[in-house]
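# Structural characterization, general
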Amino acid sequence: MESSLQILDKLLGSTTVASFLTEYWERRHLHATDSDVSGFQFDEADLEARIRFSPISRGSGCRLVFHKHNVPASAFCEDGSESEVDYDKFLKMQQAGITAIANLAHNFSNRLLSSCRLLEQCLSARVHVNLYATPPSGRGFHAHYDTHDVFIVQVSGSKEWRLYHEAVKYPFPAMRGKYMTDTLPEPEPLTLRAGEMLYVPRGHVHAARASQGEHSVHLTVGVTPLTWADLLCEAVNTVSWSDASLRQGLPPRTLTNPDSVQNLQTTLLGRLDSLRTDAHLPEAIASLQHKKRIGDLLPAGRVPDSNVIGNLSPSMLLRASEELSFSTDAEQLTLTTNSSEPGLPLKQRYRSTWEWISQQTQFTPEQLSKHLPPNDNVLLFVRYLLINACLRSA
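A brief report on the enclosed structure follows. These numbers were taken from a predicted model, which means no experiment stands behind them.

### Comments concerning the packing of aromatic side chains
One pass over the structure, following the stated rule, counts twelve aromatic pairs. Between Phe-20 and Tyr-199, the aromatic rings sit 5.0 Å apart at their centres with planes inclined by 80°, giving edge-to-face as the arrangement. You can see Phe-20 sitting in helix 2 (residues 17-23) and its partner Tyr-199 sitting in strand 11 (residues 197-200), a full 179 residues away along the chain. Just as Phe-20 is buried, Tyr-199 falls in that class too. Relative to Phe-381, the ring of Tyr-350 lies with its centre 5.1 Å away and its plane at 25°, an arrangement referred to as stacked. Taken together, the residues Tyr-350 in the loop between strand 17 (344-347) and helix 11 (351-358) and Phe-381 in helix 13 (residues 378-387) connect sequence positions 31 residues apart. When sorted by exposure, Tyr-350 lands in the same class as Phe-381, which is buried.

### Let's talk about empty space enclosed by the protein
Scanning the entire structure with this criterion turns up one cavity of 30 Å³ or more. Its boundaries defined by the atoms lining it, the largest cavity holds a volume of some 30 Å³. With three residues, the single largest contributor to the lining of the largest cavity is strand 18 (residues 391-393). Within the lining of the largest cavity, the residues separate by chemical class into four nonpolar, one polar and two charged.

### Digging into the nonpolar core
Within the largest apolar cluster, 46 residues are counted, with the highest numbers of intra-cluster contacts made by Phe-40, Leu-119, Phe-151 and Met-197. Sequence-distant contacts of Leu-119, that is, excluding residues within four places in its chain, are made with Ile-7, Leu-8, Leu-11, Phe-40, Val-127, Phe-151 and Val-221.

### As for the side chain of Thr-334
As for its position among the elements, Thr-334 is in strand 16 (residues 332-336). Here Thr-334 is in contact with Ser-325, Phe-326, Ser-327, Gly-343, Leu-344 and Pro-345, once residues within four sequence places are set aside.

### Digging into the packing of helix 6 (residues 228-239) against helix 9 (residues 281-292)
Helix-helix packing is described using two parameters, namely the angle between the two axes and the distance between the axes. Orientation of helix 6 relative to helix 9, taken along the N-to-C sense of each, is 115°, at an axis distance of 9 Å. For the pair helix 6 and helix 9, the crossing hand works out as right-handed. Of helix 9, the residues touching helix 6 (which contributes Asp-230, Leu-231, Glu-234, Ala-235, Asn-237 and Thr-238) are Leu-281, Glu-283, Ala-284, Ile-285, Ser-287, Leu-288 and Lys-291. Its residues assigned to classes, the contact of helix 6 with helix 9 shows six nonpolar, three polar and four charged.

### Notes on unusual backbone geometry
The residue Ser-124 is not glycine, and still its phi comes out positive at about 50°. Relative to the assigned elements, Ser-124 resides in the loop between helix 5 (110-123) and strand 5 (125-134). Exposure remark for Ser-124: the relative accessible area of 42% places this residue in the partly exposed category. Residues other than glycine seldom take positive phi values, yet Arg-253 does so here, at roughly 65°. Its place among the elements puts Arg-253 in the loop between helix 6 and helix 7 (261-271).

### Thoughts on the environment of Leu-64
Position of Leu-64 among the secondary structure elements: in strand 2 (residues 62-66). On the basis of relative accessibility, which here comes to 0%, the residue Leu-64 falls in the buried class. When the C-alpha atoms of Leu-64 and Leu-385 are compared, they prove to be 25 Å apart, with 321 residues separating the residues in sequence.

Conventions adopted
- Residues numbered from 1 in each chain as written.
- Predicted model: local features only at pLDDT ≥ 70, side-chain atom pairs only at ≥ 80, totals over all residues.
- Heavy atoms only, no water.
- Phe/Tyr/Trp six-rings, centres within 6.5 Å; stacked < 30°, edge-to-face > 60°.
- Helix = DSSP H or I, 4+ residues; strand = E, 2+ residues; numbered from the N terminus.
- Buried < 20%, exposed > 50% of the residue type's maximum accessible area, 1.4 Å probe, protein only.
- 1 Å grid on protein atoms, 1.4 Å probe; cavity = no way out; pocket = protein on both sides within 12 Å on 5 of 7 lines; lining within 4 Å.
- Points joined across faces, edges and corners; volume = space filled by probe spheres on them.
- Nonpolar A, V, L, I, M, F, W, Y, C, P; charged D, E, K, R; others polar.
- Core = buried A, V, L, I, M, F, W, Y, C linked by side-chain atoms within 4.5 Å.
- Contact = heavy atoms within 4.5 Å.
- Axes fitted to C-alpha atoms, helices over the stretch in contact; angles between N-to-C directions.
- Left-handed = near helix turned anticlockwise from the far one by under 90°.

Quick look at the structure:
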């Protein structure tokens, strides 16, 4: 398994991790034309599998955007459904010039999730991945800045970027918003091609459009770092367990008496003196890491085998992963393990398919095809289960 430094080192290409952290991180953009993006693989086949086999309910779905306006799910879902996408409708709308977005793609690919967790360890940050599939000359959003840093990985095609200067320094999530680019200097144009990576710090305005004549697919790897404010709040909370003065209530009428502000400030600074002598930082850091769930590496059994995925064939012998079970409700079937990791949701129509899989000691995709709904692509279905470590080679 790769280390956390290796996953970042590969993304940066010829730029060293040390140079990146001192010269680019939170400061300026970096265009790596020699990036190794193998750790972040989620292409249109993965997107198709996501749409065909999993529902889009519960806030983890795909959406379509036309010139910044969301297209209602009812326009591309199966008749009478708000959670099961009709892939043919989805594809036609995308071909008509609409950008497809797969939010939180790492929740539907343990291969991506494993890379996210490694990057979290390296950068002390929460990491998520969204996928954007844009038709030729199409765009999803106007010029804006993000409240998290982004590593943009170009999967296929190319995209034209306009990079403006910093608009807001280190913005909080609540500071998200569009930006009027006429108040900024002229942007720097940049073309991002397949296999390349672009890093853009949070607060830096940017805009993108797919190149003319080329369909574009890219991943946005969003990085939300822990801030000094996060650590300070957690340190105060930790110290308050042993310092009763921090747990004392504010004086009555404090909030309605403007004359009390100066006294409050003096008292507050005095109460925080305990932080100067012992901020309980090890406990605060551990608590913060636990609350944010940063860098919890996947158990070995939940990391997919890339060699098996790359050599998939109709005659390959497969088996269900150990300790994998399923639960079901009215909307979906969920494959789960005894770990704390979220399960993989599947559409209800695949319940009998998974019941058959779970009863086999080994099987081939060719055998499985007899237990799938008509016209389903068995290799795509198997690949989807493989990248989520639900299947293994036998």
